[in-house]
Amino acid sequence: MAAHTRTYAVVGLTLVAAVAAGCSGGSGSHGGSSSPASGSTTVSGQNQPAPTESNPPGDIPDNQVYVSYRPTGGAFTGFTLKVPEGWARTGQGGTTSFTDKLNTVRITAVSASGAPTVGSVTTTVVPQLRSQVPKFSSPKVSEVTRHAGRVVLLTYQGDSAKDPVTGKVVRDAFERYAFYRAGHEVDLTLSGPVKADNVDPWRIVSDSFAWR
């Protein structure tokens, strides 16, 4: 009798193992159906602006120190403003730039027959930038007041130049201030990554502009 009991136990265990193996195989087959369809496609980004990062680099530190800049050469030297201390300085023609990582302060002085207006910047400057700035978009022209007086502000977005090391392109936000007095125009352009928190630093720089 004991022998018959052992035989039934072995048969029962064998059946349980077979059922378990069958269920396991069924689950694996069901899980495989969740993989993406083979016909899915990826949209090319060649004609799209660089993506805006959710946590963009480029924030200027709150403890950034600013120093006075006074041009000593070029078409016009009758102005001064504050620029971030320690930023790399470069010059080309009538333009002087101060750059650190992904942020830039660019200053251009030119002769002008009249003061810039919202209309003149819209009809003249915007088309020029559209042809010069990669993926130029979202232009907005307005009049604002800074310590130097009334100024025409143009804001827009565009792609940065490709990083020579990483090959990365950053989506930038631009603020272009056009100051004017007595036949002289000074264009101050501040740029950095879209969504970088540089409102206060850019206000410090633009408010510091003064004629002399």
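Look above for the structure.
These notes cover the structure that comes with them. What you see is a predicted model, and the numbers here were worked out from it, not measured in a lab.

Now for the side chain of Glu185. Within the secondary structure layout, Glu185 lies in strand β9 (residues 184–193). With sequence-adjacent residues up to four places away left out, Glu185 is seen in contact with Thr108, Ala109, Val110, Ala112, Pro116, Arg176, Ala178, Phe179 and Tyr180.

A word on the sheet that holds strand β3 (residues 88–92). With respect to topology, seven strands assemble into an open sheet ordered β3-β4-β5-β9-β8-β7-β6, the strand pairing being antiparallel. Looking at which strands have only one partner, the edges of the open sheet turn out to be β3 and β6 (137–146). Neighbour to neighbour, the strand axes of the sheet diverge by 20° on average, direction disregarded. With five bridges connecting them, β3 and strand β4 (residues 95–100) associate as antiparallel partners. Paired with Gly91 across the strands is Thr96, a residue of β4. Contacts from helix α3 (residues 199–208) reach β5 (103–111), β6, β8 (171–181) and β9 within the one sheet, and its direction differs from that of β9 by about 170°.

Further remarks concern the pattern of salt bridges. Evaluation of the coordinates by the stated rule reveals six salt bridges. Ionic pairing is found between Arg171 and Asp159, a salt bridge with its closest N-O pair at 2.9 Å. Separated by twelve residues along the polypeptide, Arg171 in strand β8 and Asp159 in strand β7 (residues 149–159) bring together distant segments of the chain. For the pair formed by Arg171 and Asp159, the shared burial category is buried. Close ionic contact of Arg176 with Glu185 constitutes a salt bridge, the shortest N to O distance being 3.9 Å. When its relative accessible area of 11% is taken as the criterion, Arg176 is described as buried. When its relative accessible area of 12% is taken as the criterion, Glu185 is described as buried.

Glancing now at the nonpolar core. Generally speaking, nonpolar side chains in soluble globular proteins are found buried as a group. Counting 24 residues, the largest nonpolar core has Phe79, Leu81, Val105, Ile107, Tyr177, Val186 and Leu188 as its most contacted members. Every element with two or more residues in this core is listed here: β1 (66–69), β2 (79–84), β5, β7, β8, β9 and α3. Excluding anything up to four places from it in sequence, Val105 contacts Val83, Pro84, Trp87, Thr96, Ser97, Phe98, Leu188, Thr189, Leu190, Trp202 and Val205. Within the second largest apolar cluster, twelve residues are counted, among which are Val125, Leu129, Val141 and Tyr156.

Let us look at the sheet that holds β1. Spatially, three strands are ordered β1-β2-β10 in an open sheet, and the strand pairing comes out antiparallel. Each of the sheet's edge strands pairs with one partner strand only, and the pair in question is β1 and β10 (210–211). Pairing of β2 with β10 involves two bridges; the strand directions are antiparallel. Bridged to Thr80 within β10 is Ala210. This element, α3, spans β1, β2 and β10 of the sheet and lies at about 165° to β2.

The next subject is the pairing of β8. Two elements, β7 and β8, share eight bridges in a ladder whose sense is antiparallel. Across the sheet, the residue bridging to Tyr156 is Phe174, located in β8. Note: β8 against β9, ten bridges, orientation antiparallel. Bridged to Tyr180 within β9 is Glu185. In this antiparallel pair of consecutive strands, β8 and β9, the connection spans two residues, and Ala182 shows a positive phi of 50°.

Cut-offs and rules
Residues numbered from 1 in each chain as written. Predicted model: local features only at pLDDT ≥ 70, side-chain atom pairs only at ≥ 80, totals over all residues. Heavy atoms only, no water. Helix = DSSP H or I, 4+ residues; strand = E, 2+ residues; numbered from the N terminus. Contact = heavy atoms within 4.5 Å. Pairing = 2+ DSSP bridges. Axes fitted to C-alpha atoms, helices over the stretch in contact; angles between N-to-C directions. Salt bridge = Lys/Arg side-chain N within 4 Å of Asp/Glu carboxyl O. Buried < 20%, exposed > 50% of the residue type's maximum accessible area, 1.4 Å probe, protein only. Core = buried A, V, L, I, M, F, W, Y, C linked by side-chain atoms within 4.5 Å.

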